[in-house]
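# Close look at the chain arrangement
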Amino acid sequence: MTVKLCANPFKITPIENSNELCYATSQNYNGPYHFGGTIISNGDVGYHGRSGENRTNQTANDHGSLACIKGQWYIFHHRQTHSGTFSRQACAEPVRIAEDGSIVQVECTSMGFHRGALETKGSYPAIISCVLTNGAMPHITNTLIQEDIIFSARPKMWWVLLRLILSGAFVPYRH
């Protein structure tokens, strides 16, 4: 998808393992486009140097785009929630676009459009947990996973999730 930000067209596209949304810029809508960097990865791969082996969630294909809402730019994307790439949860994260058009990679959070920090009292639904890992999350694309790995919503399989959490999984909420 191509959008116009600042003075130049931007192209938003997944690359390589398709788990990240990257951008490229050009002086012309017809190109050539020059790679700018990663905006977001659905496993935070690349964020502060995180490797693919250290992903914070299972990773798989991602697609989305940027939109400006009330003066704030957001990247819209999705993450996987079940044992395949076809069960997806829509997400939005705020991004900062520098005057030169560059974007620093943003991390996946639990915030979406929420302004300010999550309150430390009360309860939040499990589905907004932005990290769900046992330290060995796979990269899956167009496949179904049969192994017992953690998923944020797995119908009628709650005991698998509970067993994995009790065996040392990490399930935080961010910001």
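Residues numbered from 1 in each chain as written. Predicted model: local features only at pLDDT ≥ 70, side-chain atom pairs only at ≥ 80, totals over all residues. Heavy atoms only, no water.

## Regarding the sheet that holds strand 7 (residues 88–95)
The following threshold applies: Pairs of strands are assigned from DSSP output, requiring at least two bridges between the strands. Secondary structure follows DSSP: runs of H or I at least 4 residues long count as helices, runs of E at least 2 residues long count as strands, and numbering of each begins at the N terminus. All axes are obtained by fitting lines to C-alpha atoms, using only the stretch in contact for helices, and the reported angles, taken between N-to-C directions, cover 0 to 180 degrees.
Pairing in this open sheet of 3 strands is antiparallel, and the strands run 5-6-7 from one edge to the other. Because the sheet does not close on itself, it has two edges, and the strands there are strand 5 (65–69) and strand 7. Averaged over all pairs of adjacent strands, the angle between their axes in this sheet comes to 35 degrees, without regard to strand direction. Bridge count between strand 5 and strand 6 (residues 72–80): 5 bridges; the pairing is antiparallel. Following the sheet pairing, Ala 67 is matched in strand 6 by Tyr 74.

## Things to note about unusual backbone geometry
To keep things clear, this is the line we draw: Each residue is placed in one exposure class: buried if its accessible area under a 1.4 Å probe, protein chains only, is under 20% of its type's maximum, exposed if it is over 50%, and partly exposed if it falls in between.
Note that the residue after Gly 31, namely Pro 32, is joined by a cis bond; omega there is 5 degrees. You can see Pro 32 is positioned in the loop between strand 3 (20–25) and strand 4 (34–41). In the Ramachandran plot, Asp 44 falls in the positive-phi region, its phi being about 55 degrees despite a non-glycine side chain. Examined against the element boundaries, Asp 44 turns out to sit in the loop between strand 4 and strand 5. Among the residues examined, Asp 44 registers a relative accessible area of 0% and is labelled buried. Backbone geometry at Lys 70 places phi at a positive 50 degrees, although glycine is not the residue there. Relative to the assigned elements, Lys 70 resides in the loop between strand 5 and strand 6. The exposure class assigned to Lys 70 is exposed, which follows from its relative accessible area of 84%.

## Section: the environment of Phe 35
Quick reminder of the rule: Note on definitions: a residue-residue contact is assigned when non-hydrogen atoms from the two residues lie within 4.5 Å.
Mapped onto the elements, Phe 35 comes out in strand 4. Note on Phe 35: relative accessible area 56%, which makes it exposed. C-alpha separation for the pair Phe 35 and Lys 11, spaced 24 residues apart in sequence, amounts to 9.1 Å. Residue contacts for Phe 35: discarding those within four places in its chain leaves Ile 15, Cys 22, Tyr 23 and Ala 24.

## With respect to the nonpolar core
Filter applied, for reference: The criterion is simple. A nonpolar core is a set of buried Ala, Val, Leu, Ile, Met, Phe, Trp, Tyr and Cys residues joined through side-chain atoms within 4.5 Å.
With 12 residues, the main nonpolar core is built from Phe 10, Ile 12, Leu 21, Tyr 23, Ile 39, Ile 40, Leu 66, Ile 75, Val 95, Ile 103, Val 106 and Cys 108. Counting only elements with at least two residues in this core, the list comes to strand 2 (8–14), strand 3 and strand 4. Not counting residues within four places of it along the chain, the set of residues in contact with Cys 108 comprises Ile 40, Ser 41, Asn 42, Asp 44, His 77, Glu 93, Cys 130 and Arg 174.

## Some details on the packing of aromatic side chains
Rules: Pairing of aromatic rings covers Phe, Tyr and the six-membered ring of Trp, with a centre-to-centre limit of 6.5 Å; geometry is then stacked below 30 degrees between planes, edge-to-face above 60, and tilted otherwise.
Enumeration according to the criterion identifies 3 aromatic pairs in this entry. Centre to centre, the rings of Tyr 74 and Phe 113 are 4.8 Å apart; their planes meet at 65 degrees, and the pair counts as edge-to-face. Remark: Phe 113 occurs in the loop between strand 7 and helix 1 (158–166) and Tyr 74 occurs in strand 6; sequence separation between them is 39 residues. Classification of Tyr 74 by relative accessible area gives buried; the value is 4%. Centroid distance Phe 76 to Phe 113: 5.8 Å. Interplanar angle 50 degrees. Geometry classified as tilted. Remark: Phe 113 occurs in the loop between strand 7 and helix 1 and Phe 76 occurs in strand 6; sequence separation between them is 37 residues.

Without other data, these values stay purely geometric and don't point to any function.
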